[in-house]
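Each chain, written out:
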Amino acid sequence: MSGTSSPLAWAGLVAPGLGHLLTGRKIHGVGLLLSTSLVFMGAAGFPRLLERLAAPGGPDFAIHPYVALLSYLAAVILLWWQALRLARPPAIDAEKLKTSQLAQITKQFQRNRTGVFGMYLVFALILMALLTPMLAPHDPDQIDVGDKLLGPGTAFLLGTDEFGRDLYSRVLYGARISLSIGFVAVGLAGTIGTLLGAISGYFGGFIDKLIMWFTDLLLSLPRLVLLLAIIGIVSAAGAQTIFLIVVILGLTGWMGVARIVRSQVLSLKEQDFVAAAHAVGLSNQRILLRHIVPNALAPVIVYVSLAIGSTILVEASLSFLGLGVPPPTATWGAIVNDGREYLRSAWWITLFPGLMIVLAVMSFNLFGDGLRDALDPKLRGRG
Amino acid sequence: MSESLLQVNDLKTWFPMKKGLMSRVVGHVKAVDGVSFEIGAGETLGLVGESGCGKTTVGRTLLRLIPATGGTVRFDGKNVFDLKGDPLRALRRDMQIIFQDPYSSLNPRMDVRSIIGEALQVHGIAKGQELEDRVAALMTRVGLLAEHMRRYPHEFSGGQRQRIGIARALALEPKFIVCDEAVSALDVSVQAQILNLLEDLQQEFGISYLFISHDLSVVRHISDRVAVMYLGRIVELADVDELFDNPSHPYTRALLSAIPVPRPGAKKDRVQLDGDVPNPIDPPTGCHFHPRCPMVKAGEGVPECSTGACPETVTVGPNHFAACHLIQPGT
Amino acid sequence: MSSSSEPLLRLENLRTHFKMEGGIAKAVDGVNYSIFPKKTLAVVGESGCGKSVTAMSIMGLIPCPPGIKAGGKIWYRDQDLRTYSDDQLRKIRGNEIAMIFQEPMTSLNPVYTVGDQIGEAVRLHQGMSRKDAHDKAIEMLAKVGIPSPEKRVDEYPHQMSGGMRQRVMIAMALSCDPEVLIADEPTTALDVTIQAQILDLMTELQDTTGASILFITHDLGVVAEVSDHVAVMYAGKVVEYADAKTLYESPQHPYTVGLFRSIPDLYVRQKQLQTIPGVVPSPLDFPSGCRFRNRCPLADGRCGQEEPLLRNVGEGHTVACHAVEEGRAADVDFSTVSEV
């Protein structure tokens, strides 16, 4: 670990990632450049953003420009800070590096090159979703029948759909919805699964049997059938919103987490440090939350990062079946569904959102696999 | 003799064995089956035996980490098994435990300050700066550097981790500590350091120890009295010198003769024990020890050994008790 | 009590290092000892002193990387095992040099019967048929004192107790009549009464088979019981080597002296145990000069600069210590060492 750096590293200050690329750290270089290019593209959208900020927009879009602006600034700071750190490496506190758990995990994570690349892809995807108002040239819902079914070209980068809506903008806005559905639904599933799994494993006996019986019951039903049934019941009542879809996805996705956490807790609760906590007189709640759950979380993090990809996929299938987020809101699955009828004449409508789904799922899977290796103590550096 | 700090009477800890879909209880593993002893203030009782004899279960049952099946434990005049809620929490302050494995006994995600200080915080004894000061004092007392307070367990060696475990047990100023194989996982030079520390702490604070170990040399060194367990029962209990110099139960004698002595050529007449400790799920009838007993093998046994009841505990001499059909009560 | 015969296995300045996150761990760093025919050499030391890594190096079982063969020779019948290829080593391993491990639970494969596992080695090394190997397994089980071996031979490891499994391990190791048996803490996981059985068995089998034994342990009581010669290891090096009687009666190296003083005596009750202050140094960062000097009451300037070498202090008794060499090791008082 050299304290000095090659002059080439300073190229990173022009475009973060370039310095990494030139000094031979290719994965970091390409990964950072992905985000950097988004930032540059976003710069072109500044006028649009300012316009949006000045004009009192519709209630839907009131908050989005501000989110975009803040994320833009944060991304700029983060990217250029990375570039600067390469050019002028900070003094590394070797003692700290050896001892900090986080540093060890980071180091282990960086060994897995595809995992690191997955992380950069995930970062770029999230950044893209956040910067959408700056990146998207058109209103995603603006209908112009005169421009309908135009192929990819200069006027519309990825072409237009049957209503003449700009596909590029729709895919970008779709990223926001699809990714947020992934994150929120999985967050919900992770929380429910962790709580139920922890309670089940810790208390055992009748509670354990009940929770696990319920978990197995849900697991034995195909998820799509379950979803269709619930959505059928709920939409019969006339409610079908993004919020609802998220909640339903969350409520049907926690079983895997619950099983993982339960098995972790079962082995953790036999450890002596838990006995010591009992001996000191701690309450069950404190033992569970302070001593057991933090030690059970590593596999949950891995599971959750993988589940985000599959949840995006499930949402896409629902939208494709016309049971997902109601139109005109753009989600990747819904756009694919829109293009179904025009698969022969206007292939671009299906292809581009489809590619994004593939890219997103792949990114989260690569990232999750990397995390799994890094968090598995058995694979961690010998010693 | 004044009343002992801890009186254990006919303690039983049975684990149910379940089978089948409905988890029917088909039998019990009698891990501890009628154990009685007393420990006085500032005294150390050594509890020895081979693996599976129930010694660890005794320690954990006393502290109510495992539910007891029967018997009573009186601590400081209170019936331990009757306590609930606040009185139980108060009792926890007086009874602590030190574990064998310095790795699994510390929460890897907590720093040393939290590990040692949590008890003080939860019991409302100290917080903020005072908490920090007390943790620092405890760390210094057990031979750790107080500036390492923010470190995590994996940054310490086995011996140091055992010191952290001792500091945690000491934090609540207990009157009684169960040392469950507390030095067994340590190297000899570190083991000696920890043994000395435990002895110093006993002198300073008047703590009583139940010292559970399979290492008879260590038990001899630290104990005032020693109890020998075999398959869930105490087979012999005596003052330490009496037990080691004048063992009366055949099992104790065999156990003592099996210990390798660090003197080459000091070959002694070993009382060879054949076979293994029987499975506690299905212990032998009569005296649990009779299938391995060298006296029974030598034809000196009586019919009760194999077919009779479990031998009663008899007084062999002053402060010396044993449970064997072949031992006549002494004075 | 010198040995007239030539050593069967001789380590010459053996070094095995490991590449780790924080640098190079010098787990074994210049080990010299000899094993004589039909004799038992005990290697004692605390955890991390390199005693097990030395044994694994002899077997050629150190994976490289992260292991590094940093030098030294392993002389076995005028051949240097360090220069052997994997194929050559495989012929030696299990056949001429066999090993038994500490954990009888994990060192047997749970999905094969013990008969299969004992038979595997003889089928491999001696080309026996399945039937002959089965008979050989029964014979070996009988030899290690397992009752009704014809029945036991078809049992799985989980059906046996810890002591039985260790007997099976010994049967496996001895099935090819090895010249050298390496026993790495073979009784540490066992209860004392079972340990006594196993130790007796090993001594008895040594008499009948004539194998040399390399016995690795941390238990000084066990050492006294089984060994002819003893090598004391500290921080990757042998610091003292002697025949057992000499070592126990007049240990010379301050570390050996300290080790003896820290074990509680079963017969004499001491007031307080004497301890060696401090901890074993990390193999990533050994002190310069003598590696024991930070914990040694006799250390002086020379100990910090110059590494002590093994020197003769009596017949067959070598010690690596400047203070012993200079004759000022008469009285070791560890209480004078300030804790670091």
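As the structure is a computational prediction, the values presented were derived from the model and not from experiment.

## A look at the pairing of strand β9 (residues 229–234) of chain C
Residues in a regular strand point their side chains to alternate faces of the sheet. Residue and element names in this part refer to chain C. Among the 6 residues in β9, 6 count as buried, and that is most of the element. Bridge analysis of strand β3 (residues 40–44) against β9 gives 4 bridges, and the strand direction is parallel. Each residue of the ladder has a partner; that of Leu41, found in β9, is His229. Judged from the 6 bridges that link them, β9 and strand β10 (residues 237–243) form a sheet pairing that is antiparallel. When the sheet's bridge partners are listed, Ala231 is paired in β10 with Tyr241. Here β9 folds back onto β10, and the loop between the two strands holds 2 residues, one of which, Ala235, carries a positive phi near 50°.

## Digging into the side chain of C:Gln195
Along the chain, C:Gln195 turns up in helix α7 (residues 192–209). Residues contacting C:Gln195, with those up to four places away along its chain left out, are B:Pro260, C:Thr187, C:Leu190, C:Asp219 and C:Val222.

## Digging into the interface of chain C and chain B
The partner chain B presents 43 residues to the 41 residues of chain C that form the contact. Of the roughly 3600 Å² buried at the junction of chain C and chain B (both faces included), carbon and sulfur atoms supply 52%. It is C:Thr193, C:Leu266 and C:Arg269 that lose the most area in chain C upon contact with chain B, and together they represent 19% of the buried surface on that side. Run the count over chain C and chain B and you get 9 residue pairs in polar contact (both at pLDDT 80 or more). No other element matches α7(C), which puts 8 residues into the side of chain C that touches chain B.

## Some remarks on the packing of aromatic side chains
The tally for this structure, following the rule as stated, stands at 16 aromatic pairs over all chains. Here A:Phe183 and A:Phe364 contribute two aromatic rings whose centre-to-centre distance is 5.8 Å and whose plane-to-plane angle is 75°, an arrangement assigned as edge-to-face. Linking A:Phe183 in helix α8 (residues 167–203) with A:Phe364 in helix α16 (residues 347–375), this pair joins segments that are 181 residues apart in sequence. The partly exposed category is assigned to A:Phe183, whose relative accessible area is 36%. The exposure class assigned to A:Phe364 is buried, which follows from its relative accessible area of 2%. Centroid distance A:Trp347 to A:Phe352: 6.3 Å. Interplanar angle 50°. Geometry classified as tilted. A:Trp347 sits in the partly exposed class, given a relative accessible area of 42%. Each residue in the set A:Trp347, A:Trp348 and A:Phe352 is aromatic and connected to the rest through ring pairs, giving one cluster. Over the face of the ring belonging to A:Trp81 we find A:Arg85, whose NZ or CZ atom lies 5.1 Å from the ring centre. Directly above the aromatic system of B:Trp14 lies the positively charged group of B:Lys30, at a separation of 4.5 Å from the ring centroid.

## Thoughts on the state of the cysteines
The tally for this structure, following the rule as stated, stands at 0 disulfides over all chains. Considering cysteine sulfurs only, B:Cys287 is the nearest to B:Cys324, which forms no disulfide, with 6.1 Å between them.

## Focus on the sheet that holds strand β1 (residues 6–19) of chain B
Residues and elements named next belong to chain B. Pairing is antiparallel across the open sheet formed by 4 strands, whose spatial order is β2-β1-β4-β5. The sheet is open, and its two borders are formed by β2 (24–39) and β5 (78–79), each paired with just one other strand. For β1 and strand β4 (residues 70–75), the ladder comprises 5 bridges, and the chain directions are antiparallel. Directly across from Gln7, in β4, lies its bridge partner Arg74. Here helix α1 (residues 55–62) sits on the sheet in contact with β1, β2 and β4, set at roughly 110° to β1.

## Remarks on empty space enclosed by the protein
Under the definition given, this model contains 10 cavities of 30 Å³ or more. As a volume, the largest cavity reaches approximately 90 Å³. If you go around the largest cavity, the residues you meet are A:Phe273, A:Ala276, A:Ala277, A:Val280, A:Leu282, A:His291, B:Asn107, B:Met110, B:Ile115, B:Glu118, B:Ala119 and B:Arg168. Elements represented by at least two residues in the lining of the largest cavity include exactly α13 (272–280) of chain A together with α3 (112–122) of chain B. At 4 residues, the largest contribution of residues to the lining of the largest cavity is made by α13(A). A per-class count over the lining of the largest cavity returns 8 nonpolar, 2 polar and 2 charged.

Conventions and cut-offs
Residues numbered from 1 in each chain as written. Chains lettered and ligands numbered in written order. Predicted model: local features only at pLDDT ≥ 70, side-chain atom pairs only at ≥ 80, totals over all residues. Heavy atoms only, no water. Buried < 20%, exposed > 50% of the residue type's maximum accessible area, 1.4 Å probe, protein only. Helix = DSSP H or I, 4+ residues; strand = E, 2+ residues; numbered from the N terminus. Pairing = 2+ DSSP bridges. Contact = heavy atoms within 4.5 Å. Buried area = accessible area lost by both parts, 1.4 Å probe. Polar contact = N/O pair within 3.5 Å; in protein donor to acceptor, adjacent residues only side chain to side chain. Phe/Tyr/Trp six-rings, centres within 6.5 Å; stacked < 30°, edge-to-face > 60°. Lys NZ or Arg CZ within 6 Å of the ring centre and 35° of its normal. Disulfide = S-S within 2.5 Å. Axes fitted to C-alpha atoms, helices over the stretch in contact; angles between N-to-C directions. 1 Å grid on protein atoms, 1.4 Å probe; cavity = no way out; pocket = protein on both sides within 12 Å on 5 of 7 lines; lining within 4 Å. Points joined across faces, edges and corners; volume = space filled by probe spheres on them. Nonpolar A, V, L, I, M, F, W, Y, C, P; charged D, E, K, R; others polar.

All we've got here are geometric facts, nothing functional implied.
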